[in-house]
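A closer look at the structure
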Amino acid sequence: QVQLVESGGGLVQAGGSLRLSCAASGRTFSNYAMGWFRQNPGKEREFVAGASWTGHNTYYTDSVKGRFTISRDNARNTVYLQMNSLKPEDTAVYYCAAARAYYSGSYYPNDYEYWGQGTQVTVSS
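Now for a quick tour of the structure. (Residues numbered from 1 in each chain as written. Predicted model: local features only at pLDDT ≥ 70, side-chain atom pairs only at ≥ 80, totals over all residues. Heavy atoms only, no water.)

With 29 residues, the main nonpolar core has L4, W36, L81, M83 and Y94 as its most contacted residues. Sorting the residues of this core by element identifies β1 (2-7), β3 (18-26), β4 (32-39), β5 (46-51), β7 (68-73), β8 (78-83), β9 (92-100) and β11 (119-124) as the ones contributing at least two each. Dropping the residues within four chain positions of it, M83 is found in contact with G16, S17, L18, L20, R67, F68, Y94 and V121. Within the second largest apolar cluster, 5 residues are counted, among which are F37, F47, A97 and Y112. (Core = buried A, V, L, I, M, F, W, Y, C linked by side-chain atoms within 4.5 Å. Buried < 20%, exposed > 50% of the residue type's maximum accessible area, 1.4 Å probe, protein only. Helix = DSSP H or I, 4+ residues; strand = E, 2+ residues; numbered from the N terminus. Contact = heavy atoms within 4.5 Å.)

Below, the structure is given as structure tokens:
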């Protein structure tokens, strides 16, 4: 089992920044690829960013490229999502998720084995 706890969400004005954190506990964190997803009511969960188990390989959906950065600190069992130049359309509940290493960069929620409880990000215009 891997337990994931997100933090860092909140309300921010358009153009602002937030950094989300996801702390992991349980099985060896570095064995897992990590991803960030987001979801709004009535919509499917959407891939935002992913990182390989080393963090050397990163993946982004097109709408956040150049604005969001995923990183991980395996010594601290934590993955981060730095979000800059936020837009109202970035408003969502953000989830971190863990997948077996061979699913690194997967866009599909079903490939991820463990999920956090989510943190709300609201961007006002």
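Here the focus is the packing of aromatic side chains. In this description, a pair of aromatic rings is defined by centroid distance and the angle of the planes. In total, this model carries 8 aromatic pairs according to the counting rule given. Judged by centre distance (5.0 Å) and plane angle (80°), the rings of F37 and Y112 are edge-to-face. One end of the pair, F37, is in strand β4; the other, Y112, is in the loop between β9 and β10 (114-115), with 75 residues separating them in the sequence. With relative accessibility at 5%, the residue Y112 sits in the buried group. Members of the aromatic cluster, connected to one another through ring pairs, are F37, F47, Y95, Y107, Y112 and W115. We note R45 situated over the ring of Y95; from NZ or CZ to the ring centre the distance is 3.8 Å. Above the plane of the ring of W115 lies R45, whose end atom (NZ or CZ) is 4.7 Å from the centre. (Phe/Tyr/Trp six-rings, centres within 6.5 Å; stacked < 30°, edge-to-face > 60°. Lys NZ or Arg CZ within 6 Å of the ring centre and 35° of its normal.)

Attention now moves to the sheet that holds β3. Strand order in the open sheet formed by 4 strands is β1-β3-β8-β7, and the pairing between neighbours is antiparallel. Looking at the sheet topology across the chains shown, the edges are occupied by β1 and β7. Taking each pair of neighbouring strands and ignoring which way they run, the sheet shows an average axis angle of 15°. Pairing of β3 with β8, which is carried by 6 bridges, proceeds in the antiparallel orientation. Among the inter-strand pairings, L18 is bridged to a residue of β8, identified as M83. (Pairing = 2+ DSSP bridges. Axes fitted to C-alpha atoms, helices over the stretch in contact; angles between N-to-C directions.)

The topology assignment puts M83 in strand β8. Residues M83 and G66, spaced 17 residues apart in sequence, show a C-alpha to C-alpha distance of 9.6 Å.

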